[in-house]
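# Inside the fold
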Amino acid sequence: LILCTQASFVFLYTGVALASPTPPRSYYDTANYTCKQLCQMLTTDPNHPLPGNVILRKIFQILKFLLIKYFNLGFLRYVLLFFSCMAILKEIFQLISQREKYFRDIFINFLEVQTYTCAILFSIDLNACTQYTGLRCKWQWESGALGIASVWTLLLFVVMYSLKIGKYGLLFVSVFLTFLKFCL
């Protein structure tokens, strides 16, 4: 059950990130604009208007074929926001009920809180323009990238703990911790 829940959250988070539209140029070219200014500039640009996402268009065509009318990216973002808020509440409940035991697995619990917080930051709409277009701000993409890396790492840990894969699991943890030491 935990493995299925974690896998569905991973696919939901990754799917929302892949289907979210991006500007035609790099975000670094528009570093001096606020999120609202960027969104308004891209929607009214006559040369390069904010393009519809090809992946999102294909998803919509498939879903329309399957007769699901009210299923869109905004709905998926709200589902991601709801599940992330519920997961944060679960972590708070675990902290209150387990107390000292909660801090024994501090790395996993910190990774979960970080993942769910990044998912909340990625899925919120900041103004009417971002709600209409689905465009994410630069800092939202950065938190989303961190969250996606964390959620896939969590999925690996869930697979490792749920399947009891023994020495291969220990090998994964050893290599992962060595990689973290190298990066830091």
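In short, a report on the structure. (Residues numbered from 1 in each chain as written. Predicted model: local features only at pLDDT ≥ 70, side-chain atom pairs only at ≥ 80, totals over all residues. Heavy atoms only, no water.)

Take the overall build of the protein next. Scanning the protein for helices and strands turns up 8 helices and 0 strands. Taken from the N to the C terminus, the helices and strands of the protein come in the order α-α-α-α-α-α-α-α. Per-residue burial for the protein yields a buried fraction of 36% across its 184 residues. Looking at the protein alone, contacts between residues at least 24 apart form 72% of all its contacts between residues at least 6 apart. (Helix = DSSP H or I, 4+ residues; strand = E, 2+ residues; numbered from the N terminus. Buried < 20%, exposed > 50% of the residue type's maximum accessible area, 1.4 Å probe, protein only. Contact = heavy atoms within 4.5 Å.)

Formed by 18 residues in total, the largest nonpolar core has its most connected members in F9, Y13, V16, L80 and F122. Among the secondary structure elements, those contributing two or more residues to this core are α1 (2-19), α4 (73-98), α5 (106-123) and α7 (138-163). Of all the elements, α1 adds the most residues to this core, at 7 residues. Ignoring sequence-local partners within four residues, the contact set of F122 consists of Y13, V16, A17, S20, R136, Q140, W141, S143 and G144. (Core = buried A, V, L, I, M, F, W, Y, C linked by side-chain atoms within 4.5 Å.)

With 18 residues, α5 extends 26 Å between its outermost C-alpha atoms, agreeing within 8% with the 26 Å of an ideal straight helix rising 1.5 Å per residue. Where α5 is concerned, the buried positions are I108, N109, L111, E112, Q114, T115, Y116, C118, A119, F122 and S123. (Expected span 1.5 Å × (residues − 1).)

The phi torsion at R99 lies on the positive side, around 50°, for a residue other than glycine. Judged by its relative accessible area of 56%, R99 falls in the exposed class.

Once that is clear, we can look at the layout of surface pockets. Taken as a whole, the largest pocket encloses approximately 830 Å³ of empty space. Considering the residues around the largest pocket, the lining is formed by 28 residues, among which I2, Q6, K90, E112 and V158 are closest to the centre. Among the secondary structure elements, those contributing two or more residues to the lining of the largest pocket are α1, α4, α5 and α7. The class makeup of the residues in the lining of the largest pocket is 15 nonpolar, 7 polar and 6 charged. (1 Å grid on protein atoms, 1.4 Å probe; cavity = no way out; pocket = protein on both sides within 12 Å on 5 of 7 lines; lining within 4 Å. Points joined across faces, edges and corners; volume = space filled by probe spheres on them. Nonpolar A, V, L, I, M, F, W, Y, C, P; charged D, E, K, R; others polar.)

If you walk through the whole model with that rule in mind, you get 5 salt bridges. Here E142 and K138 are joined by a salt bridge, their closest N and O atoms 2.9 Å apart. In this pair, E142 and K138 are both assigned in helix α7, 4 residues apart and thus about one turn of the helix distant. Three or more residues are tied together by salt bridges with common partners; here these are R77, D125 and R136. (Salt bridge = Lys/Arg side-chain N within 4 Å of Asp/Glu carboxyl O.)

Before going further, it helps to examine helix α2 (residues 35-44). Note that an α-helix has 3.6 residues per turn; residues three or four places apart therefore point the same way. Among the residues of α2, those classed as buried are C35, L38, C39 and L42. The buried side chains of α2 occupy one side of the element, clustering within an arc of 95° when seen end-on. Where α2 is buried, its residues contact α6 (128-133). (Arc of directions from axis to C-beta.)

This next bit is on the packing of aromatic side chains. The full count for this structure, using the stated rule, is 8 aromatic pairs. Taken together, a centroid distance of 6.2 Å and an interplanar angle of 80° make the contact between F11 and W152 edge-to-face. With a gap of 141 residues between them, F11 in helix α1 and W152 in helix α7 connect regions that are remote in the sequence. Since its relative accessible area comes to 37%, W152 is described here as partly exposed. Judged by centre distance (5.3 Å) and plane angle (70°), the ring pair of F122 and W141 falls under edge-to-face. Within this pair, whereas F122 is found in helix α5, its partner W141 is found in helix α7, the two being separated by 19 residues in sequence. Within the aromatic cluster, the residues linked to one another by ring pairs are F9, Y13, Y116, F122 and W141. (Phe/Tyr/Trp six-rings, centres within 6.5 Å; stacked < 30°, edge-to-face > 60°.)

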